[in-house]
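A closer look at the structure
Spelled out, the chains give:
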Amino acid sequence: MQNEKILVLDFGGQYNQLIARRVRECNVYCEVHPYNMPIEKIKAFNPKGIIFTGGPNSVFGDDAPLADKELFTLGYPILGICYGCQTVAYLNGGEVSHADKREYGKTIVDVDNNSKLFKGVSPKTQVWMSHTDFVSKTPAGYKVVAKTPSCPVSAMENVEKKIYAVQFHPEVNHSIEGMKMLKNFVYDICECKGDWIMSDFVKTTVDAIKAKVGNGKVLCALSGGVDSSVAAVLLSKAVGEQLTCVFVDHGLLRKNEGDEVEAVFGPKGPYKLNFIRVNAQERFYAKLKGVTEPERKRKIIGEEFIRVFEEEAKKIGSVDYLVQGTIYPDVIESGLGKSATIKSHHNVGGLPSVVDFREIIEPLRLLFKDEVRKVGLELGIPDYLVYRQPFPGPGLGIRIIGEVTKEKVKIVQDADYIYREEIAKAGVDKSCNLGQYFAALTNMQSVGVMGDERTYDYAIALRAVETSDFMTADWARIPYDVLDTISRRIVNEVRGVNRVLLDCTSKPPATIEFE
Ligand code: XMP
């Protein structure tokens, strides 16, 4: 297992998790903690180096989050990014100024290749800038190692103290050689060797679970999503038949999905685990009858899910461990507190209070999504499950605007199936960089004509977005000919649909899902 750790101190920047993922892509383990993590805890964490993230504040602001000055005296290599860079300057006696205009977007910087941070980087390289404040004077002992005409201190360093700071964002793709810079920091400046490797993770985790569980009984709520599937297979590798997986089919899954999950995890699949499929479709439809308000639908589905699971768990009796597919982004504590709840997410997080168990096992607690996928592949889980796009807990329930009925579920399932099939056939999921795409059923009926008959049927909305973090998303430009095929097939093959609409809204202001 890994010995080397990088600490990412979060000053509230939107790219905090991306920075951590990039470090891990360098095969170096890292964790994100709030900017005000106490010095004693930092010492106990024993990082090989520290990265300060960006953030929305100005160092002059009354409530500006600032690092503890002592951090600069402890000998840890430090890399400040954007606001983190300004923090380094400000706290060490440099000057930070406020620009009249925000600098935002792709910029070419001149870098000094003598700096360890820019080893192997082109002398003129494209980076992503996004700031209003900038460092106008470096602190004593710091040297400018990158500049642009409008940002004279695009990067600075204090070689002796191993402190580096960049005004731009090396972690985003638009910074073409950003990964090289992060690698230079992690390997050449922090002197990491790269000991965070997925195959090691599988072996150590399986061994640790075996040692912990012994002869105990383990229960897992399996949704068929990537996280719970990978968690279940890890557990099954470790404890085999001591594991029972409960899969609740709430009737709001994509077409054939319930059977696909059963084919992999059920008695005919490759894993020797006890698999219980609960066909609770009718129960969910009954509860949802007449309900139109999105938050109520979400709550009803979440609560009913817990109820069904509870009933199954009671039949099994008490268990020793409950498995949860929690992943690292769920665990990270933000640097600047919580944001507003836009939607109440339904996950299996509500389960513990209803099941009699001794302890929770969260084998993926330290992993990002892409790492969970690597583990999944390592474990031999089929590609289509590992690369499955995200699917919300309340399922199609929030992709049917208004009341959910069995008939509407069938319509949206069939339309969505055609959509996915044609996207795959045209290969545009990769070429258009689709993060998520699905069909939704608008609650709107409109007039059409089919043959010589008047129709009055539903409109299907096609949603497709490009996104890497699901926090912001741009609507994807799927080629017209592909959309044309999808639209024709849906109106021809799906009964009850006579119109197909394209959702061309980004997030914000829309969200990815409709409800
Ligand atoms: P929104 O619609 O908020 O969705 O832009 C962002 C991402 O979250 C997924 N999503 C959910 N995932 N439980 C989940 O596990 C939920 O209740 C839920 N609601 C939305 C959504 O599919 C998208 O990937």
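Refer to the structure presented above.
My aim in this report is to walk through the structure given alongside it, one point at a time. This one's a predicted model, so the numbers in the text were calculated from it and none came from an experiment. (Residues numbered from 1 in each chain as written. Predicted model: local features only at pLDDT ≥ 70, side-chain atom pairs only at ≥ 80, totals over all residues. Heavy atoms only, no water.)

**Regarding the packing of aromatic side chains**
Across all of its chains, the model carries 13 aromatic pairs by this definition. Taking 6.1 Å as the distance between ring centres and 90° as the angle between the ring planes, the aromatic pair formed by Phe60 and Tyr90 counts as edge-to-face. One end of the pair, Phe60, is in the loop between strand 3 (49–52) and strand 4 (78–81); the other, Tyr90, is in helix 3 (residues 83–91), with 30 residues separating them in the sequence. Put simply, the rings of Phe11, Tyr35, Phe52, Phe72 and Tyr83 touch in pairs and so form one group of aromatic residues. Between Lys255 and the ring centre of Tyr417, over which it is positioned, the NZ or CZ distance is 4.9 Å. Lying across the ring of Trp475, Arg477 places its NZ or CZ 3.8 Å from the centre. (Phe/Tyr/Trp six-rings, centres within 6.5 Å; stacked < 30°, edge-to-face > 60°. Helix = DSSP H or I, 4+ residues; strand = E, 2+ residues; numbered from the N terminus. Lys NZ or Arg CZ within 6 Å of the ring centre and 35° of its normal.)

**Let's talk about the site of the ligand**
Around the ligand sit 15 residues in total, of which Lys343, Gln436, Lys507, Ile512 and Glu513 are the nearest. Interatomic distance of 3.3 Å between a backbone N/O atom of Gly393 and a nitrogen atom of the ligand. The side chain of Lys507 places a nitrogen or oxygen atom 2.7 Å from an oxygen atom of the ligand. Taking 500 Å² as the accessible area of the ligand by itself, protein coverage stands at 88%. Here the residues of the shell around the ligand sort into five nonpolar, six polar and four charged. (Near = heavy atom within 4 Å. Polar contact = N/O pair within 3.5 Å; in protein donor to acceptor, adjacent residues only side chain to side chain. Areas by Shrake-Rupley, 256 points an atom, 1.4 Å probe, with all protein chains shown as cover. Nonpolar A, V, L, I, M, F, W, Y, C, P; charged D, E, K, R; others polar.)

**Observations concerning helix 15 (residues 480–493)**
Helix length check: helix 15 (14 residues) gives 20 Å between terminal C-alpha atoms against 20 Å at 1.5 Å per residue, within 8%. Within the sequence span of helix 15, burial applies to Val482, Leu483, Ile486, Arg489, Ile490 and Val491. In this structure, the buried residues of helix 15 make contact with helix 13 (406–426), helix 14 (428–431), strand 15 (436–450), strand 16 (453–466) and strand 18 (497–502). (Expected span 1.5 Å × (residues − 1). Buried < 20%, exposed > 50% of the residue type's maximum accessible area, 1.4 Å probe, protein only. Contact = heavy atoms within 4.5 Å.)

**Section: the packing of helix 8 (residues 281–288) against helix 9 (residues 294–316)**
Packing of helix 8 against helix 9 brings their axes to within 10 Å, and their N-to-C directions diverge by 145°. Note on packing geometry: the crossing formed by helix 8 with helix 9 is right-handed. Along its contact with helix 8, which presents Arg283, Phe284, Lys287 and Leu288, the element helix 9 presents Lys297, Ile300, Ile301, Glu304, Phe305, Arg307, Val308 and Glu311. Considered class by class, the residues forming the contact of helix 8 with helix 9 number six nonpolar, no polar and six charged. (Axes fitted to C-alpha atoms, helices over the stretch in contact; angles between N-to-C directions. Left-handed = near helix turned anticlockwise from the far one by under 90°.)

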